[in-house]
Amino acid sequence: MTEYETASLALQTASLDLQRYAVIAQVLIGAAQCLLIAGGLWLMKKAASARDAQHQEARDQHQETMVALHQQGEALRQQSEALRQQGEALRQQGDALNALIERTAPPR
(Lines give C-alpha, C1' and ligand atoms only; values in the text may rest on other atoms or scores of the structure.)
Protein backbone atom coordinates (compact mmCIF):
# COMPACT_ATOMS: atom_id res chain seq x y z
CA MET A 1 0.00 0.00 0.00
CA THR A 2 1.32 3.39 -0.88
CA GLU A 3 1.70 6.30 1.43
CA TYR A 4 -1.18 8.04 -0.29
CA GLU A 5 -3.50 5.08 0.20
CA THR A 6 -2.49 4.80 3.86
CA ALA A 7 -3.09 8.51 4.41
CA SER A 8 -6.39 8.29 2.51
CA LEU A 9 -7.56 5.37 4.70
CA ALA A 10 -6.50 7.21 7.84
CA LEU A 11 -8.41 10.28 6.68
CA GLN A 12 -11.50 8.20 5.94
CA THR A 13 -11.26 6.51 9.34
CA ALA A 14 -10.95 9.89 11.06
CA SER A 15 -13.86 11.19 9.03
CA LEU A 16 -16.01 8.19 10.04
CA ASP A 17 -15.04 8.71 13.68
CA LEU A 18 -16.07 12.38 13.45
CA GLN A 19 -19.36 11.38 11.82
CA ARG A 20 -20.00 8.87 14.63
CA TYR A 21 -19.30 11.56 17.23
CA ALA A 22 -21.58 13.96 15.36
CA VAL A 23 -24.38 11.36 15.33
CA ILE A 24 -23.88 10.67 19.04
CA ALA A 25 -23.93 14.41 19.75
CA GLN A 26 -27.13 14.80 17.69
CA VAL A 27 -28.78 11.93 19.56
CA LEU A 28 -27.78 13.42 22.92
CA ILE A 29 -28.99 16.88 21.90
CA GLY A 30 -32.25 15.42 20.58
CA ALA A 31 -32.76 13.48 23.82
CA ALA A 32 -32.07 16.63 25.84
CA GLN A 33 -34.58 18.56 23.72
CA CYS A 34 -37.17 15.82 24.22
CA LEU A 35 -36.61 15.95 27.99
CA LEU A 36 -36.96 19.74 27.99
CA ILE A 37 -40.18 19.54 25.97
CA ALA A 38 -41.55 16.81 28.26
CA GLY A 39 -40.65 18.90 31.30
CA GLY A 40 -42.33 21.95 29.78
CA LEU A 41 -45.47 19.96 29.01
CA TRP A 42 -45.52 18.60 32.56
CA LEU A 43 -45.22 22.15 33.96
CA MET A 44 -48.00 23.35 31.66
CA LYS A 45 -50.26 20.49 32.79
CA LYS A 46 -49.49 21.26 36.43
CA ALA A 47 -50.26 24.96 35.89
CA ALA A 48 -53.49 24.11 34.04
CA SER A 49 -54.58 21.86 36.91
CA ALA A 50 -53.88 24.63 39.42
CA ARG A 51 -55.79 27.10 37.25
CA ASP A 52 -58.72 24.68 36.97
CA ALA A 53 -58.78 24.35 40.75
CA GLN A 54 -58.80 28.15 41.11
CA HIS A 55 -61.62 28.45 38.59
CA GLN A 56 -63.63 25.78 40.40
CA GLU A 57 -63.08 27.57 43.71
CA ALA A 58 -64.20 30.85 42.13
CA ARG A 59 -67.31 29.14 40.70
CA ASP A 60 -68.09 27.65 44.12
CA GLN A 61 -67.69 31.03 45.81
CA HIS A 62 -69.88 32.65 43.16
CA GLN A 63 -72.54 30.00 43.70
CA GLU A 64 -72.40 30.57 47.48
CA THR A 65 -72.70 34.32 46.93
CA MET A 66 -75.69 33.85 44.65
CA VAL A 67 -77.41 31.60 47.21
CA ALA A 68 -76.73 34.16 49.95
CA LEU A 69 -78.10 36.97 47.77
CA HIS A 70 -81.18 34.92 46.99
CA GLN A 71 -81.72 34.27 50.68
CA GLN A 72 -81.18 37.95 51.45
CA GLY A 73 -83.68 38.91 48.74
CA GLU A 74 -86.22 36.48 50.17
CA ALA A 75 -85.66 37.88 53.67
CA LEU A 76 -86.17 41.40 52.34
CA ARG A 77 -89.40 40.34 50.62
CA GLN A 78 -90.64 38.82 53.88
CA GLN A 79 -89.66 41.97 55.77
CA SER A 80 -91.46 44.08 53.18
CA GLU A 81 -94.58 41.96 53.55
CA ALA A 82 -94.39 42.24 57.35
CA LEU A 83 -94.02 46.02 57.09
CA ARG A 84 -96.98 46.17 54.69
CA GLN A 85 -99.08 44.16 57.15
CA GLN A 86 -97.92 46.37 60.01
CA GLY A 87 -98.88 49.48 58.00
CA GLU A 88 -102.31 48.00 57.31
CA ALA A 89 -102.77 47.20 61.00
CA LEU A 90 -101.78 50.76 61.91
CA ARG A 91 -104.32 52.13 59.40
CA GLN A 92 -106.99 49.93 60.91
CA GLN A 93 -106.04 51.13 64.39
CA GLY A 94 -106.19 54.72 63.14
CA ASP A 95 -109.64 54.13 61.64
CA ALA A 96 -110.80 52.48 64.87
CA LEU A 97 -109.47 55.41 66.95
CA ASN A 98 -111.18 57.91 64.66
CA ALA A 99 -114.47 56.02 64.96
CA LEU A 100 -114.08 55.90 68.75
CA ILE A 101 -113.34 59.61 68.91
CA GLU A 102 -116.38 60.40 66.75
CA ARG A 103 -118.67 58.30 68.97
CA THR A 104 -117.35 59.66 72.22
CA ALA A 105 -116.92 63.25 71.16
CA PRO A 106 -119.34 65.74 72.76
CA PRO A 107 -121.94 67.11 70.42
CA ARG A 108 -121.06 70.45 68.82
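Owing to the predicted nature of the structure, the values given are computational and were not obtained by experimental measurement.

**Re the overall build of the chain**
Helix and strand counts for the chain come out as 1 helix and 0 strands. For 108 residues, the compact-globule estimate of 2.2 N^0.38 gives 13 Å, and the C-alpha radius of gyration of the chain, at 46 Å, exceeds that figure by more than 25%. On the principal axes, the C-alpha backbone points of the chain span a range of 155 × 20 × 10 Å. Counting over 108 residues, the chain shows a buried share of 2%. Side chains of the chain carry 10 positive and 12 negative charges; the gap between the two charge centres is 13 Å.

**Section: the pattern of salt bridges**
Counted by the stated rule, this structure contains 4 salt bridges. In this structure, the salt-bridge partner of Asp 17 is Arg 20, at a minimum N-O distance of 2.7 Å. A residue pair is termed a helical-turn pair when its members lie 3 or 4 positions apart in one helix, as Asp 17 and Arg 20 do in helix H1 (residues 3-104) at 3 residues.

**Quick notes on a nonpolar patch on the surface**
On the surface, a cluster of nonpolar side chains totalling about 480 Å² of accessible area is made up of Leu 18, Tyr 21, Ile 24 and Leu 28. Along the chain, the position of Leu 28 falls in helix H1.

Definitions and cut-offs
Residues numbered from 1 in each chain as written. Predicted model: local features only at pLDDT ≥ 70, side-chain atom pairs only at ≥ 80, totals over all residues. Heavy atoms only, no water. Helix = DSSP H or I, 4+ residues; strand = E, 2+ residues; numbered from the N terminus. Rg over C-alpha atoms; globule rule 2.2 N^0.38 Å. Buried < 20%, exposed > 50% of the residue type's maximum accessible area, 1.4 Å probe, protein only. Lys, Arg positive; Asp, Glu negative; His and termini not counted. Charge placed at Lys NZ, Arg CZ, Asp CG, Glu CD. Salt bridge = Lys/Arg side-chain N within 4 Å of Asp/Glu carboxyl O. Patch = residues over 30% accessible without salt bridge, like charges linked within 9 Å, V, L, I, M, F, W, Y side chains within 5 Å. Areas by Shrake-Rupley, 256 points an atom, 1.4 Å probe, with all protein chains shown as cover.

So, to be careful, I would describe these as geometric facts and stop short of saying anything about function.
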